[in-house]
Amino acid sequence: MNAPEDPGPHRSGGWTQAIPTGLQPAFEDYVRKHCRSFLLAINLIAAFAYFSYVIADALVVPDIAMTSLWVRSILIVIGLGNIFLVFRYSRSVLLMDQLMPIHDIISTVTWFELLKHSQSPDVPTYLYASMIFIVLCNLGVRVSFKGALACSLAISAVILGNVWALHPGDPKGVMVFALVYLPVLWFSLFISWTNTLSVRRAFLSDVEVRCQQAELFELNQRLQELASTDGLTRVGNRRAFDAQLLSNWSRTQQNGRAFALLLADIDFFKAYNDHYGHQAGDMCLKQVAYSMVHTLRHGQGKAFRYGGEEFAVLLQVSTLEELRHIVERLIGQVAALNIEHRHRPDGLDHVTISVGASLSRSAEVRSAQDLLACCDRLLYQAKQQGRNQVCLAPG
Ligand SMILES: Nc1nc2c(ncn2[C@@H]2O[C@H](COP(=O)(O)OP(=O)(O)OP(=O)(O)O)[C@@H](O)[C@H]2O)c(=O)[nH]1
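- For the chain, an unreviewed UniProt entry supplies the name diguanylate cyclase and the organism Pseudomonas panipatensis.
- Here is the UniProt Cofactor (unreviewed entry) comment for the chain, exactly as written: "Mg(2+)".

What follows is the structure in structure tokens.
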């Protein structure tokens, strides 16, 4: 069953447990999944139970036993055909549910028609066997109590009408039959009502559980997102970077495809903070992060805040040329932000970054930690050489 849409509030303990219209398709799926095999089994059992009464007919009403055999044989062939067609080709759960009550009405009518032609003195006693029809009509129903009620009324009308016709001038006999019949009718109706109610209840609580699971799943995803995102710059945080670096490393060990790491650090950021204030420093960090994400927007790589004013970028590139090209673009884009920084000692007047970068298959790199250490060393080198530049590990 597909996850149903939010059903909105519904009564959890009402007497009717009506299924909201929006949930009807999901309810039908639920019934098909949970009740179809029961409905099929009970239809088959009832069909064979109906046919087995030929033996009782032979003993109690032998004068019509042969006709009964024919009629029951024809009806069972039709009945089994209907069961096959409905359960094989139809998706209507209402049809599956009401097939037995409908067959029951037909069986009741034909059984009484047969009895009317018998001269057996046991007919008045045998009439009591008709109770089985009302029991079969109600015990198998799982979806529509209203349908079961309508069929029960039809069967009761057929039974009581025929009992009256078969007891001419014997109102006491009819009354005794009715007194025995009516409690069976109430009892079987009560069973069909509780059965249909239980199915609806089970479905609604299943929906509730699924909704709670979906909410929990969403909450979990949100938590995971929060746990792996840097609160200030909205790029991945250090925890996410560590996990991604290890994952990239193990993937490259398996498929042999190289990736690259770069560490980028904002130049003279302490001076920036000191002169423009911490809030302006925060804004600068956000702009630099945004610029990196924007530059990497074609899925070439992912940026993380490594700590303080330092960023790490994992790139899906395999050659030094590609790596150099992307790093130079990153440095150029940050410079193009033109964030004023008039207090740096090197004469420039805007914010820049320095970068240390290496491919994962660089000669000196044996592990993810080596790669990180290598980029850190190269970043230091870029700072030493005058900042606003990249130092690349030789391929
Ligand atoms: N506004 C702001 N400042 C931060 C944040 N995290 C770290 N910093 C500041 O970043 C500065 C880093 O300074 P340093 O490590 O001395 O480096 P630098 O001044 O950039 O010098 P170089 O890296 O050598 O170019 C410190 O002043 C930190 O307070 C932050 O989240 N917001």
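1. Focus on the packing of aromatic side chains
(1) Moving on: Under the defined criterion, the tally for this structure stands at 14 aromatic pairs.
(2) Moving on: Between the aromatic rings of Tyr30 and Phe203, the centroid separation amounts to 5.5 Å while the plane-to-plane angle is 65°, which identifies the pairing as edge-to-face. Of this pair, Tyr30 sits in helix H1 (residues 24-60) while Phe203 sits in helix H7 (residues 171-227), placing them 173 residues apart in sequence. An identical accessibility class is assigned to Tyr30 and Phe203; each is buried.
(3) Moving on: Relative to Tyr306, the ring of Phe241 lies with its centre 5.5 Å away and its plane at 90°, an arrangement referred to as edge-to-face. Remark: Tyr306 occurs in strand S2 (residues 301-307) and Phe241 occurs in helix H8 (residues 238-255); sequence separation between them is 65 residues.
(4) Moving on: Residue Phe241 is classed as buried on the basis of its relative accessible area of 0%.
(5) Moving on: Judged by relative accessible area, Tyr306 falls into the buried class, the value being 16%.
(6) Moving on: Members of the aromatic cluster, each reached through a chain of ring pairs, are Trp111, Phe112, Tyr126 and Phe133.
(7) Moving on: A cation over a ring is seen here: Arg72 above Tyr50, with NZ or CZ 4.7 Å from the ring centre.

2. Things to note about the pairing of S2
(1) Moving on: Looking at chain direction, S2 and strand S3 (residues 310-315) are connected through six bridges and run antiparallel. The residue of S3 that forms the bridge with Phe304 is Ala312.
(2) Moving on: Linking S2 to S3, which pair antiparallel, is a turn of two residues; within it Gly308 sits at a positive phi near 50°.

What counts and what doesn't
Residues numbered from 1 in each chain as written. Predicted model: local features only at pLDDT ≥ 70, side-chain atom pairs only at ≥ 80, totals over all residues. Heavy atoms only, no water. UniProt positions renumbered as here; feature names shortened; annotations may be inferred. Phe/Tyr/Trp six-rings, centres within 6.5 Å; stacked < 30°, edge-to-face > 60°. Helix = DSSP H or I, 4+ residues; strand = E, 2+ residues; numbered from the N terminus. Buried < 20%, exposed > 50% of the residue type's maximum accessible area, 1.4 Å probe, protein only. Lys NZ or Arg CZ within 6 Å of the ring centre and 35° of its normal. Pairing = 2+ DSSP bridges.

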